[in-house]
Amino acid sequence: MKLQKVFAEINLKALSHNLQIVRKKTGNKHILAVVKADAYGHGSVAVSKHLIENGVSMLGVAFTREGIALRESGIRSPILIFFDRDNADACIEYNLTPVIYDLPSAKKIHTAAKKLNMVMPVHIKVDTGMGRVGMVPDRAVHDILKISRLGNIKPEGIMSHFSDADLQDKDFANTQQDIFNTLIAALKKDGITFRFIHMANSAAVLTMPDAHFNMVRPGIMLYGYGCCEKEKLRPVMTLKSKIQRVRL
Ligand SMILES: *Cc1c(COP(=O)(O)O)cnc(C)c1O
């Protein structure tokens, strides 16, 4: 039996539609579109180009090599690298913005940038309860103050990540948000402010308006899947094939 090919059809109109829902939910907040893991399997180059044409401020990927691939495809928008803080040289070479969460990697980036007489923008991640990566809030003020005094690194953003904003019960998500707010207020007292403050993944975009700050980081909802609300998201991918035979 000859097998028919299955193919994935990517519907960019559905992507625009889902982005419009992000806008409807967040107003005029900056959108950092998450395109990690090949845009959740949808093809990161075409998806990213389409999202940029539709006005997103920034793209987010997990690893440096994903950012490099986007640069090599001609994309010039800001790209945030979530989990690869120690690739200072590649970030500088390809104009990628690393997320950092400890002093040693901040110092590495500062040193690399200093050699080139440039100031490297970074975003700082705080662990408010996700338990993955991020500065622990108790030390964060101290460490962020130190980082801001390094001359060749500029904390342009501060961020945190929800562990379970998709649950109906928002207790823990609210606690995380409180910790984040407290930290931002403490830093402000010390004269440290950020151009971008962001915490909201898709679930928080849809259900936690107080967590939108001035930037949001939707991933899965852009591709058409929501967690907890009957928003009319449209799946971007459709798998198609030919029916081989119908037996009645
Ligand atoms: C994957 C990811 C997101 C997007 O999460 P969704 O639940 O897919 O919206 C946002 N921020 C970070 C740091 C991520 O790793």
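Residues numbered from 1 in each chain as written. Predicted model: local features only at pLDDT ≥ 70, side-chain atom pairs only at ≥ 80, totals over all residues. Heavy atoms only, no water.

Engineer: How do you make sense of the site of the ligand when you look at a structure like this?
Structural biologist: Close to the ligand lie 14 residues, the nearest being Lys-36, Tyr-40, Ser-202, Arg-217 and Ile-220. Within the side chain of Tyr-40, an N or O atom sits 2.6 Å from an oxygen atom of the ligand. Within the side chain of Arg-217, a nitrogen or oxygen atom sits 2.8 Å from a nitrogen atom of the ligand. A total of 390 Å² of accessible area belongs to the ligand in isolation, and the protein chains cover 90% of it. With respect to the pocket detection grid, the ligand is positioned in the largest pocket. Across the shell around the ligand, the residue classes break down as six nonpolar, four polar and four charged. (Near = heavy atom within 4 Å. Polar contact = N/O pair within 3.5 Å; in protein donor to acceptor, adjacent residues only side chain to side chain. Areas by Shrake-Rupley, 256 points an atom, 1.4 Å probe, with all protein chains shown as cover. 1 Å grid on protein atoms, 1.4 Å probe; cavity = no way out; pocket = protein on both sides within 12 Å on 5 of 7 lines; lining within 4 Å. Sits in = over half its atoms within 2 Å of the grid points. Nonpolar A, V, L, I, M, F, W, Y, C, P; charged D, E, K, R; others polar.)

Engineer: How do you make sense of the pairing of strand S7 (residues 153-159) when you look at a structure like this?
Structural biologist: When a strand is regular, its side chains alternate between the sheet's two faces. Along S7, six of the seven residues are buried, which leaves the element largely enclosed by surrounding structure. As paired elements, strand S6 (residues 120-125) and S7 share six bridges and run parallel to each other. Residue pairing across strands places Ile-124 opposite Ile-158, the latter belonging to S7. Each parallel crossover has a hand, and the one from S6 via helix H7 (residues 137-149) to S7 is right-handed. With three bridges joining them, S7 and strand S8 (residues 196-200) adopt parallel strand pairing. Residue pairing for S8: Met-159 is matched across the bridge by His-198. (Buried < 20%, exposed > 50% of the residue type's maximum accessible area, 1.4 Å probe, protein only. Helix = DSSP H or I, 4+ residues; strand = E, 2+ residues; numbered from the N terminus. Pairing = 2+ DSSP bridges. Right-handed = clockwise from strand over helix to strand, strands pointing away.)

Engineer: Where do I start with the sheet that holds strand S9 (residues 215-216) in this structure?
Structural biologist: The strands making up a sheet associate through hydrogen bonds between their backbones, and the pairing can be parallel or antiparallel. Taken in spatial order, the eight strands line up as S2-S3-S4-S5-S6-S7-S8-S9 and close into a barrel, and their pairing is parallel. Here helix H6 (residues 103-115) sits on the sheet in contact with strand S5 (97-100), S6 and S7, set at roughly 150 degrees to S5. (Contact = heavy atoms within 4.5 Å. Axes fitted to C-alpha atoms, helices over the stretch in contact; angles between N-to-C directions.)

Any link to function would need more than the numbers given here.
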